[in-house]
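Read off the chains here:
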Amino acid sequence: MGSLLEVIALHPADAEAAQEGGADRLELCASMEASGLCPSVSTVSAIRRVTDLPLRVMLRLTDTFGTNGAELNRLTAMAQSYLSAGADGFVFGFLTPDNQVDTESVAALASTFAGTPWTFHRAIDAVLEQRPAWRALRSLPGLDCVLTAGSSLGVGHGLDDLTGLAKEDPQVAKVMMAGGSLQAEHVPWLYGAGVRRFHVGSSVRQDGSWTKAYVNSRFVRAWRNLLDAQDSKGQNA
């Protein structure tokens, strides 16, 4: 299986450039100053009109990882609107007040769109103990991807933990998607540990700006070429 490259898209122009550069999938969100919140339904519709790439839409209303019944009801309704607008999957994740995976809330939301794949986002990087958290994730219906940097500070700080987890358990490596200040020099180490999914955002924008620059197709192509080269080495090994 070749490597998957997911790119954050905030606007239709981002989506077009990401596809031109060779992205495999898009994560759609808004408010990157809050690390990504729900986009508008109209944005999802507009992006769907300009790309045929799979779209995973963020289900997150506040800049925390907690939730409650009222918020889950809102997210349930939003998820259905996103599906009608062309979404193929979702990105979300909740923690309990003591920073453990909130399996009850996550499963409750996932059950409302059964059969639709989804990603557990970087809430995983805020848990107190990684291994119990990963075990908890195994029980969640529909989950096929976990976005993680291994640290709330980014891949540069969490690289050893990511590679260690991936090497210990091929099932973890299979669903792990490395992202969060991911740099090109991290890729060979992650790839060698069995990771095949990679997520980029600010690194494919001029000067890393969320507000002053759209996705640059040339930057995306550089990531695509990097991953393709790793895939080629893997096949020839």
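Look a little higher up for the structure.
Residues numbered from 1 in each chain as written. Predicted model: local features only at pLDDT ≥ 70, side-chain atom pairs only at ≥ 80, totals over all residues. Heavy atoms only, no water.

A.B. asks: Explain unusual backbone geometry to me, please; I cannot follow it from the model alone.
C.D. replies: Negative phi is the rule for most residues except glycine; trans is the rule for most peptide bonds. Phi at serine 31 is positive, roughly 55°, even though this residue is not glycine. Inspection of the secondary structure puts serine 31 in the loop between strand 2 (25-28) and helix 2 (41-50). We note that aspartate 207 has phi near 60°; this positive angle belongs to a residue other than glycine. Among the secondary structure elements, aspartate 207 is positioned in the loop between strand 8 (197-200) and helix 9 (217-236). (Helix = DSSP H or I, 4+ residues; strand = E, 2+ residues; numbered from the N terminus.)

A.B. asks: Would you mind going over the pattern of salt bridges with me for this structure?
C.D. replies: Opposite charge on two side chains makes pairing possible when the charged atoms of those side chains draw close. Tallied over the full model, the rule gives nine salt bridges. A salt bridge links arginine 122 to aspartate 125; the nearest nitrogen and oxygen atoms lie 2.7 Å apart. Relative accessible area serves as the criterion here: at 25%, arginine 122 is assigned to the partly exposed category. Of the charged contacts in the structure, one is a salt bridge between aspartate 169 and arginine 138, with a shortest N-O distance of 2.1 Å. (Salt bridge = Lys/Arg side-chain N within 4 Å of Asp/Glu carboxyl O. Buried < 20%, exposed > 50% of the residue type's maximum accessible area, 1.4 Å probe, protein only.)

A.B. asks: In this structure, what is going on with the sheet that holds strand 5 (residues 118-120)? I would like to understand it.
C.D. replies: Backbone hydrogen bonds are what pair the strands of a sheet, in a parallel or an antiparallel way. Read around the barrel, eight strands follow the order 1-2-3-4-5-6-7-8 and close on themselves; strand pairing throughout is parallel. Neighbouring strand axes in the sheet, compared pairwise and without regard to direction, differ in orientation by 25° on average. Where strand 4 (residues 89-92) meets strand 5, three bridges bridge the pair, whose relative direction is parallel. Bridged to phenylalanine 92 within strand 5 is phenylalanine 120. (Pairing = 2+ DSSP bridges. Axes fitted to C-alpha atoms, helices over the stretch in contact; angles between N-to-C directions.)

A.B. asks: For this particular structure, what's the right way to read the environment of proline 141?
C.D. replies: With respect to the helices, strands and loops of the structure, proline 141 is situated in the loop between helix 5 (130-137) and strand 6 (143-148). Residue classification places proline 141 among the partly exposed positions, given a relative accessible area of 43%. When near neighbours in sequence (up to four residues on either side) are disregarded, proline 141 contacts Ala107, Ala110 and Trp118. (Contact = heavy atoms within 4.5 Å.)

A.B. asks: Teacher, can you tell me more about the packing of aromatic side chains here?
C.D. replies: Two aromatic rings, taken as a pair, are described by how far apart their centres are and by the angle between their planes. Applying the stated rule across the entire model yields four aromatic pairs. Aromatic pair phenylalanine 90 and phenylalanine 113: ring centres 4.6 Å apart, planes at 50°, arrangement tilted. Here the residue phenylalanine 90 occupies a position in strand 4, and phenylalanine 113 occupies one in the loop between helix 4 (103-110) and strand 5, the gap between them amounting to 23 residues. Look at phenylalanine 113 and you get buried, because its relative accessible area is 4%. Centroid distance phenylalanine 92 to phenylalanine 113: 5.9 Å. Interplanar angle 90°. Geometry classified as edge-to-face. Of this pair, phenylalanine 92 sits in strand 4 while phenylalanine 113 is found in the loop between helix 4 and strand 5, placing the two residues 21 residues apart along the sequence. There is no split in this pair, since phenylalanine 92 and phenylalanine 113 are both buried. When the ring centre of tyrosine 191 is taken as reference, the NZ or CZ atom of arginine 196 above it lies at 3.5 Å. (Phe/Tyr/Trp six-rings, centres within 6.5 Å; stacked < 30°, edge-to-face > 60°. Lys NZ or Arg CZ within 6 Å of the ring centre and 35° of its normal.)

A.B. asks: Quick question: what am I supposed to make of the environment of leucine 10 here?
C.D. replies: Inspection of the secondary structure puts leucine 10 in the loop between strand 1 (4-9) and helix 1 (12-21). With relative accessibility at 12%, the residue leucine 10 sits in the buried group.

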